[in-house]
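Here is how the chains run, residue by residue.
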Amino acid sequence: MFRPILAALLALTTLAAGAWAQSAAQSPYGKVNRRDAIFLRFPEMAQRYWVDTETMAASHKSVAVPMPKQCAFVYSDAYTKGQMSEREVQDTAVSNCNRHLAELGPLGENYPTNCACKIVISDETYVVPKDSMPEQAYGPSSIFYRDPKGNIARLNGITRYGALIGHDRSVTFTVENVRAEPVCEGTFTNDTSNSGRFSLSCFDGKFTGRGTYESKVGAPNDHIIARGSTPNGQPVVLVIGLPAQLAANTYGGI
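Residues numbered from 1 in each chain as written. Predicted model: local features only at pLDDT ≥ 70, side-chain atom pairs only at ≥ 80, totals over all residues. Heavy atoms only, no water.

## Thoughts on the overall build of the chain
To be explicit about the condition: Put simply, DSSP H or I for four residues or longer makes a helix, DSSP E for two residues or longer makes a strand, and each gets a number counted from the N terminus. The classification of residues rests on relative accessible area computed with a 1.4 Å probe and restricted to protein chains. Under 20% of the type maximum is buried, over 50% is exposed, and intermediate values are partly exposed. It only takes one pair of heavy atoms within 4.5 Å for two residues to be counted as in contact. Methods summary: accessible areas were calculated by the Shrake-Rupley approach with a probe of 1.4 Å, and residue burial reflects only the protein chains presented.
When its secondary structure is counted, the chain shows six helices and 12 strands. Looking at the chain residue by residue over its 254 residues, the buried ones come to 43%. Taking the intrachain contacts of the chain between residues at least 6 apart in sequence as the baseline, contacts between residues at least 24 apart amount to 52%. Here the chain displays about 13,100 Å² of accessible surface, and carbon together with sulfur accounts for 53% of that area.

See the structure below:
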C-alpha cells in the first residue's frame, strides 16, 4: 500500500529537481557577457537585456532558443511582470519560442535533428553548458535554381556563418544539406548595413552564382534573401532564416 505512494512521492521529488535544474542559482555554467555570441547574433534582444531600463532591471529575465545550437535561428526573451517567479518567466520564454517555431512551419526539410525550444539563460546566468551554445550564426536555408533542363530545383539545409552580416565588410558562409554534409561555400560583402553582394560555389565548383542580397527584418522571421545568376545566366536564389516550405512559398518561383 505504501510502496505506490512512496514511488509517487519519489517521482514528484525527481520531477521538481529536474524542473529547477535550470534555476540560475543552481547553475554551474557561469555568468553571461554582453559580447557573447548570442547577444551579437540577436541585437534587438541584447538591447532589451542590457540597455532598456524597464527590461534590463527586471528581477527575473530569461532567454529561450531552439536547441541543439544549429537550430538557434529564432529566440524569445521574457522579463518579470508583477510578481512573476523565475520559473514563470522561463515558462513564458519557452512558450513564446515554441509558438514562433510553430508559426514558421515544419523544419524537417532543413534539419537532420529535432529542434526544441529550451531556456539557455536565466537571470544573467547560463543554464546550459557554454559549449552547447551557438558560437556562430545558423539558419535554415534553401537554394532555388534551374537545372540543365530548365526545371526549378532546390537544395534545402542550413547555413552557418561566423560573423555579423552588415557589420563586417566580408562574411563567409557554409551551406550544409539536410544530412549535415557541407555542399556550398560563399561570401557576403556588404555595401550598406542591410544589403550587398554575394558569391556562391557548390558541389566542388560545379555550380556557381553571384548577385546581390538583402537582410529583411520582421514577419514572418528575420531572413536574408540573395538573388543572382549562374555563369550561363540562369537565376539562383538563396534564402537564409526561413524553413523550406515557407521559403518555397515566398521565393521559390524564382
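Having put the structure on the table, let's press on.
## Details of the packing of aromatic side chains
The line we're drawing: Pairing of aromatic rings covers Phe, Tyr and the six-membered ring of Trp, with a centre-to-centre limit of 6.5 Å; geometry is then stacked below 30 degrees between planes, edge-to-face above 60, and tilted otherwise. Should the NZ of a Lys or the CZ of an Arg lie within 6 Å of a ring centre and within 35 degrees of the ring normal, that charge is described as sitting over the ring.
Scanning the entire structure with this criterion turns up eight aromatic pairs. Each ring, one from Phe39 and one from Trp50, has its centre 5.4 Å from the other, and the planes form 70 degrees; the classification is edge-to-face. In this pair, Phe39 is assigned in helix α2 (residues 37-41) and Trp50 in helix α3 (residues 43-50), connecting sequence segments 11 residues apart. These aromatic residues form a ring-pair network of at least three members: Phe39, Tyr49, Trp50 and Tyr79. Here Lys61 stacks its cationic end above the ring of Tyr49, 4.3 Å away from the centre of that ring. Across the ring face of Trp50, the terminal group of Lys61 is positioned such that the distance to the ring centre comes to 5.8 Å.

## Considerations on the side chain of Thr159
Condition: In protein, a polar contact means a hydrogen-donor-capable atom and an acceptor-capable atom, both N or O and within 3.5 Å, with residues adjacent in sequence counting only if both atoms are side-chain atoms; elsewhere, any N or O pair within 3.5 Å suffices.
One can find Thr159 in strand β6 (residues 152-161). Using a relative accessible area of 0% as the deciding quantity, one classes Thr159 as buried. A distance of 2.9 Å separates a polar atom in the side chain of Thr159 from a polar atom in the side chain of Ser141.

## Regarding the nonpolar core
Where we set the bar: Residues belong to a common nonpolar core when they are buried Ala, Val, Leu, Ile, Met, Phe, Trp, Tyr or Cys residues joined through side-chain atoms within 4.5 Å.
Core analysis: the largest hydrophobic core is formed by 22 residues, its most contacted members being Ile143, Tyr161, Phe173, Cys184, Phe188, Leu200 and Leu238. Contributions of two or more residues to this core are made by β5 (137-146), β6, β7 (170-177), β8 (182-192), β9 (195-202), β10 (207-216), β11 (223-229) and β12 (235-240). Not counting residues up to four positions away in its chain, the partners in contact with Ile143 are Ala153, Arg154, Leu155, Val175, Cys184, Leu200, Cys202, Val236, Val237 and Leu238. In this structure, Ala46, Ala58, Val65 and Tyr126 belong to the second largest nonpolar core, which totals 20 residues.

## So, the sheet that holds strand β1 (residues 61-67)
Test applied: Note on pairing: DSSP must find at least two bridges between two strands before they are called paired. Here an axis means a line fitted to C-alpha atoms, over the contact stretch when the element is a helix, while the angle between two N-to-C directions is reported on a 0 to 180 degree scale.
In space, the four strands of this open sheet follow the order β2-β1-β3-β4, with antiparallel pairing throughout. The open sheet has two free edges, formed respectively by β2 (76-79) and β4 (125-126), since each of these has just one partner strand. As paired strands, β1 and strand β3 (residues 116-122) are joined by six bridges and run antiparallel to one another. Bridge pairing in β3 places Ser62 opposite Ser122. Relative to the sheet, α3 contacts β1, β2 and β3, its axis offset from that of β2 by approximately 15 degrees.

## A look at the pattern of salt bridges
Rules: When a carboxyl oxygen of Asp or Glu lies within 4 Å of a side-chain nitrogen of Lys or Arg, that pair is called a salt bridge.
Applying the stated criterion to the full structure yields 10 salt bridges. Arg48 serves as the salt-bridge partner of Asp77, at 2.8 Å between the closest nitrogen and oxygen. Here Arg48 lies in helix α3 and Asp77 lies in strand β2, a separation of 29 residues in the sequence. Among the ionic pairs, Glu124 bridges to Lys61, the shortest N-O distance being 3.1 Å. Residue Glu124 is located in the loop between β3 and β4, and its partner Lys61 is located in strand β1; the two are separated by 63 residues in the primary sequence. A residue is classified by how much of its surface remains accessible, and Lys61, at 3% relative accessible area, is buried. Among the ionic contacts, a cluster of salt bridges with common partners joins Arg169, Asp191 and Arg197.

Structural measurements only, silent on function.
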